[in-house]
Amino acid sequence: MKICVLGLGYIGLPTAAMFSSHGHEVIGVDVNASIVETLNNGSIHIEEPGLSELIKDAVHSQMFKASLHPEKADVFIIAVPTPNNNDDSYMSCDLSFVLNACQSIIPYLEKGNIIIVESTISPRSMDDYVKVLFEDNGFTAGEDIYLAHCPERVLPGQILKELIHNNRIVGGITGKCIQAAAEVYSAFVQGEIIRTEAKTAEMSKCMENTFRDVNIALANELVKICYDLDINALEVINMANKHPRVNIHSPGPGVGGHCLAVDPYFIYAKSPDYANIIKLARDTNNSMPEFVVKLSSELLQGIDRPKVAVFGVTYKGNVDDMRESPALEIIELLKARGYQVSIYDPHVSHIEFVDEETAVTAADLILVLTDHNEFMELNHNKIAKRMRTPMLLDTKNIVKSQLRSGLEVINYGNIY
Ligand code: SAJ
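Residues numbered from 1 in each chain as written. Predicted model: local features only at pLDDT ≥ 70, side-chain atom pairs only at ≥ 80, totals over all residues.

Caption draft 1: Quick peek at the packing of helix α4 (residues 96-105) against helix α5 (residues 125-136). At a minimum axis separation of 10 Å, α4 and α5 run at an interaxial angle of 20 degrees. Between α4 and α5, the interaxial angle falls into the category roughly parallel. Handedness of the α4/α5 crossing: right-handed. In this structure, α4 uses Val98, Leu99, Cys102 and Gln103 to contact α5, whose residues at the interface are Tyr129, Val130, Leu133 and Phe134. For the contact of α4 with α5, a count of residues per class yields seven nonpolar, one polar and no charged. (Axes fitted to C-alpha atoms, helices over the stretch in contact; angles between N-to-C directions. Helix = DSSP H or I, 4+ residues; strand = E, 2+ residues; numbered from the N terminus. Parallel < 35°, antiparallel > 145°, perpendicular 65-115°, else oblique. Left-handed = near helix turned anticlockwise from the far one by under 90°. Contact = placed C-beta atoms within 7 Å. Nonpolar A, V, L, I, M, F, W, Y, C, P; charged D, E, K, R; others polar.)

Written as structure tokens, this is what we have:
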């Protein structure tokens, strides 16, 4: 099979690498010339364990090359971004990158080609927009071409493993489309290949992330309630989760990333009259940055010109991705209160970020916003000596108090 992957980001690139390492010729297409150049030199532009080796080998063996333009292929896989539209609070799904990618392959399409959309899209997008685009160009799905939505479900940080072992949903426009797309993934998927209609696959993917978002909102709401009622929220969660059928997720500073903070709106925008819990969960998680800043300001009361050292700006631990990260809003809110803010993140190089020592020097509060492994191994004694007021507020519950270190560790279990 020759495969053309459009969009070489967090999903497209590992998918391209996976097909090429399983003996298929892959052409990867991206609109960004510097990404294309980096890849053709055998390097990568994102952080993902194991990916750099795969791409280096694939470029070397000429099984993978990157380009600014598509070519003829047997299979076209679309893995481009689907952000939220800026339409008031609906935040509907912006399909423009997906539709542009579809349009860009029209000149290369041949009878029998398979086109798979992997990008997360709102329910009914394949039927109402993607299928229509190809029909308008003279291609009938299920007859001339095979069209399917096969949402990716991999977790950043373990993408290569999950691409192989996760179950894969294959949602086709017709039965023949389902069959054709399922064969494509049998190249490397060892999990179950689940066959369904395109619209069911779309809704299922959006709902998976919505389930997690709603569950996290519940945990975050519990933190606020326990703060109000003087109860240890972390102990409550720990205890409730000992029940065999309860699994409350972990509270935090908010929900970020390009999935949980985005996809629930795709459902809400399509059915706003019914999607009540989904919207409320989004609002609750969006309110967490304000809550974190409120807690910080209570801790900093009475301190002259407080300095806050923010530890971690990525949307979650051990990745370099800052998309939709609640830390970014928290930093803005802290600055708006007139606090001095220093930022340390061992996974991101940024002109405004500093190293650990500089960040904590003369600080009054360390604010842990991301669960990077590095933050579990801090030397509290050393840090406390450099700070003006040795306090640490851990929103991710990863920092354990160290005896006689002088650094006071506060988390959602003891904020009351
Ligand atoms: N978070 C919490 N509490 C938790 C778990 C996560 O506050 O208990 C926060 C994280 O800190 C982060 C956000 O939620 O800010 C999202 O992190 P995540 O690890 O839950 O998920 P993502 O966005 O990295 O990946 C999700 C995954 N979906 C599910 O687990 C249902 C992944 O499998 C999907 O492929 C991915 O979205 C996607 O692309 O849609």
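So, next bit.
Caption draft 2: Quick peek at the site of the ligand. Neighbouring residues of the ligand: 20 residues in total, closest His249, Ser250, Gly252, Gly257 and Cys259. Here the residues of the shell around the ligand sort into eight nonpolar, seven polar and five charged. When we break the shell around the ligand down by domain, the ones giving at least three residues each are domain 1 (2-198) and domain 2 (233-416). (Near = placed C-beta within 6 Å. Domains from an automatic or database assignment.)

Caption draft 3: Region of the structure containing the nonpolar core. Membership of the largest hydrophobic core comes to 88 residues, with the highest contact counts inside it found for Val5, Leu6, Ile78, Ile116, Leu147, Ala148 and Ala181. Residue-level mapping places this core at the junction of two domains, with at least three residues from each of domain 1 (2-198) and domain 2 (233-416). Leave out the neighbours within four places in its chain, and Leu6 touches Val29, Pro70, Phe76, Ile77, Ile78, Ala79, Val80 and Ala101. (Core = buried A, V, L, I, M, F, W, Y, C linked by C-beta atoms within 7 Å. Buried ≥ 20, exposed ≤ 12 C-beta atoms within 10 Å, placed from the backbone.)

Caption draft 4: Representation of the packing of helix α10 (residues 263-270) against helix α11 (residues 276-286) in the model. Following both chains from N to C, one finds α10 and α11 inclined at 140 degrees, their axes separated by 9 Å at the closest point. Considered as vectors, α10 and α11 are oriented oblique to each other. Taken as a pair, α10 and α11 cross one another with a handedness that is left-handed. Across from Pro264, Tyr265, Ile267 and Tyr268 in α10, the residues of α11 making contact are Ile278, Lys279, Ala281 and Arg282. Residue classes in the contact of α10 with α11 are distributed as six nonpolar, no polar and two charged.

Treat this as a map of the structure, not an account of what it does.
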